[in-house]
Amino acid sequence: MSAFQAPTGTRDVLAPESSRFESLVARFARLAELAGYGLVVSPMFEDVALFSRGVGEATDVVTKEMYVFEDKGGRTIALRPEGTAPVVRAFVQHRPVLPWKAWYATPCFRYERPQAGRYRQFHQLGVEALGPQDADLDVEVVALFEGLRRSLGLEGVELRVNSMGDAACLPGYRAVLASYLSDHGEELCADHRTSWSRNPLRVLDCKKQACVSVRAGAPLLRDALCDACEAHFDRFLSGLGSLGIRWTRDDFLVRGLDYYTRTTFEFRASGLDAAQDTICGGGRYNGLVEELGGPPTPGIGFAAGVERILLACAVEGVELAPERATEVFVVDVVGGGSARDLTDALRRAGVAADRAFDGRSLKSQLKQADRSGARVACIVGPEEEAAGVVTVRWMRESGAGGPGPGRQERVARGDLVEAVARWTR
Ligand code: ATP
Ligand code: MG
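Presented here is a report on the structure given in the accompanying data block. If you're wondering where the values come from, they're calculated on a predicted model, not measured in any experiment.

This part is about the overall build of the protein chain. Across its full length, the protein chain holds 16 helices and 16 strands. Relative to the globule expectation of 22 Å for 425 residues, the C-alpha radius of gyration of the protein chain, 28 Å, shows a markedly less compact shape. Structurally, the protein chain occupies a C-alpha span of about 90 × 50 × 45 Å along its principal axes. Taking contacts inside the protein chain between residues at least 6 apart in sequence as the whole, the part at least 24 apart equals 69%. For the protein chain, the computed accessible surface area is about 20,700 Å², with 51% contributed by carbon and sulfur atoms. If the 52 positive side-chain charges of the protein chain are averaged to one point and the 57 negative ones to another, these points end up 4 Å apart.

This is how it looks when you write it as structure tokens:
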């Protein structure tokens with residue numbers, strides 16, 4: 001065992017897994033840009049107060065999971081546990097023109113008990129769209145993640161949706177729920193038995209059996225929605241229908257904080273362990289910009305977990321992007337100058353090319369060429385060098401235009417790049 005290991009709950013991602021990671025981020029970026037979202041890159045750490053306000057004082061993320069430290073200037077800093085608050089902070093600071101549609105891909109840090117699909121450093125892909133109240137924007141945001149799911153070919157994924165109401169109807173519902181819970185307080189889970197009154201909505205969201213039993217008889221938010229919220233939700237659902245996106249209503253899909261309003265949604269992957277099966281969660285937060293010091297500005301977004309999506313792909317056997325293996329290996333036994341120049345020329349022409357270093361023997365270089373997975377070895381020995389040619393040897397099935405494995409032929413040095421580019425295409 002080496003002296004240093006990656007810290008508990010973190011992982012090194014090496015090739016070829018990293019190429020799946022990269023490919024997922026690239027796909028998401030493309031879909032987001034296609035829909036008019038621009039990349040935001042913001043700091044990996046912020047003033048801790050941004051998260052206590054933006055994520056919520058009473059949430060597990062803030063009370064138990066944040067990495068907080070004092071910097072040398074005496075500021076209390078937190079590593080970002082999530083992506084939304086920093087993006088909204090950037091909006092408030094720079095006030096870009098509305099509507100403002102942003103996407104991000106970022107590491108996040110949470111001090112959690114590590115297990116498959118739950119890490120202390122993980123990665124989120126997300127979007128935030130600020131400005132419009134329009135329920136069609138909610139549809140667009142959901143369709144963006146649905147588009148990613150479809151493009152991956154991930155099948156076992158369920159979309160759950162709900163409406164949280166707004167300032168007009170949520171307070172009334174909260175009071176009704178509180179009065180129901182005051183009769184059932186003793187039956188709640190150990191955590192909520194004492195704390196439910198601070199935030200009754202959180203009981204609905206609790207996964208413990210005791211709370212699940214109590215909530216089964218609780219009054220439902222769907223029966224308390226005001227007309228405006230009802231109309232917004234109807235428009236959202238009919239929009240999903242129009243785009244052929246299937247959904248299930250989940251009355252218990254709630255956020256416990258006042259600035260979350262109306263639409264909430266989650267994508268769950270059936271291939272993952274139930275405790276970690278949410279691959280994407282999102283919703284409207286019409287009060288968040290104001291909470292963080294900006295003008296009243298509606299917003300909606302989602303955050304998706306990269307590691308969980310990749311796990312779900314692995315479970316379903318979904319292949320993400322062919323691994324970009326070396327196509328051509330240049331074997332040079334006359335000093336390495338040809339390997340240096342030819343790999344450069346090949347790479348400029350878009351051919352994945354590699355070589356050996358340190359003046360290895362022919363045998364050792366051919367072995368390395370084989371291990372690299374290259375289809376073609378380009379060999380330069382003393383004879384080839386004198387004649388200004390390269391011996392091209394096919395190691396595996398070549399592209400449509402090339403001969404089969406085991407064959408070899410000589411190509412004039414000046415024609416090599418063009419010939420190889422044609423064969424490996
Ligand atoms: P969970 O209920 O699974 O803890 P969460 O509600 O804390 O999730 P969000 O804050 O909504 O999650 O984060 C968005 C997404 O980020 C989640 O749906 C999940 O895919 C991913 N995610 C959250 N925490 C982790 C983690 N510790 N490790 C890996 N992925 C995570
Ligand atoms: Mg969590």
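Picking up after the structure, the text goes on.
Right, let's get into the packing of helix α1 (residues 17-34) against helix α12 (residues 306-316). Closest axis-to-axis distance for the α1/α12 pair is 11 Å, and the angle between their directions is 110 degrees. On the basis of their axis angle, the class for α1 and α12 is roughly perpendicular. For α1 against α12, the interelement crossing comes out right-handed. Only Val306, Glu307, Ile309 and Leu310 of α12 make contact with α1, whose side of the interface consists of Arg20, Phe21 and Leu24.

In the vicinity of ligand 1, 13 residues are found, and the nearest of them are Arg110, Glu112, Arg118, Thr278 and Arg308. With respect to ligand 1, the side chain of arginine 110 contributes an N or O atom lying 2.8 Å from an oxygen atom. Tyrosine 119 places a polar main-chain atom, nitrogen or oxygen, 2.9 Å from a nitrogen atom of ligand 1. Protein chains bury 81% of the 590 Å² of accessible surface belonging to ligand 1 in isolation. Looking at the shell around ligand 1, the elements that each hand over two or more residues are β6 (121-130), β10 (278-284) and β11 (299-305). Counting residues per element, the shell around ligand 1 draws most heavily on β10, which supplies three residues. Within the shell around ligand 1, the residues separate by chemical class into five nonpolar, four polar and four charged.

Parameters and conventions
- Residues numbered from 1 in each chain as written.
- Chains lettered and ligands numbered in written order.
- Predicted model: local features only at pLDDT ≥ 70, side-chain atom pairs only at ≥ 80, totals over all residues.
- Heavy atoms only, no water.
- Helix = DSSP H or I, 4+ residues; strand = E, 2+ residues; numbered from the N terminus.
- Rg over C-alpha atoms; globule rule 2.2 N^0.38 Å.
- Contact = heavy atoms within 4.5 Å.
- Areas by Shrake-Rupley, 256 points an atom, 1.4 Å probe, with all protein chains shown as cover.
- Lys, Arg positive; Asp, Glu negative; His and termini not counted.
- Charge placed at Lys NZ, Arg CZ, Asp CG, Glu CD.
- Axes fitted to C-alpha atoms, helices over the stretch in contact; angles between N-to-C directions.
- Parallel < 35°, antiparallel > 145°, perpendicular 65-115°, else oblique.
- Left-handed = near helix turned anticlockwise from the far one by under 90°.
- Near = heavy atom within 4 Å.
- Polar contact = N/O pair within 3.5 Å; in protein donor to acceptor, adjacent residues only side chain to side chain.
- Nonpolar A, V, L, I, M, F, W, Y, C, P; charged D, E, K, R; others polar.

Keep in mind these values describe shape, not function.
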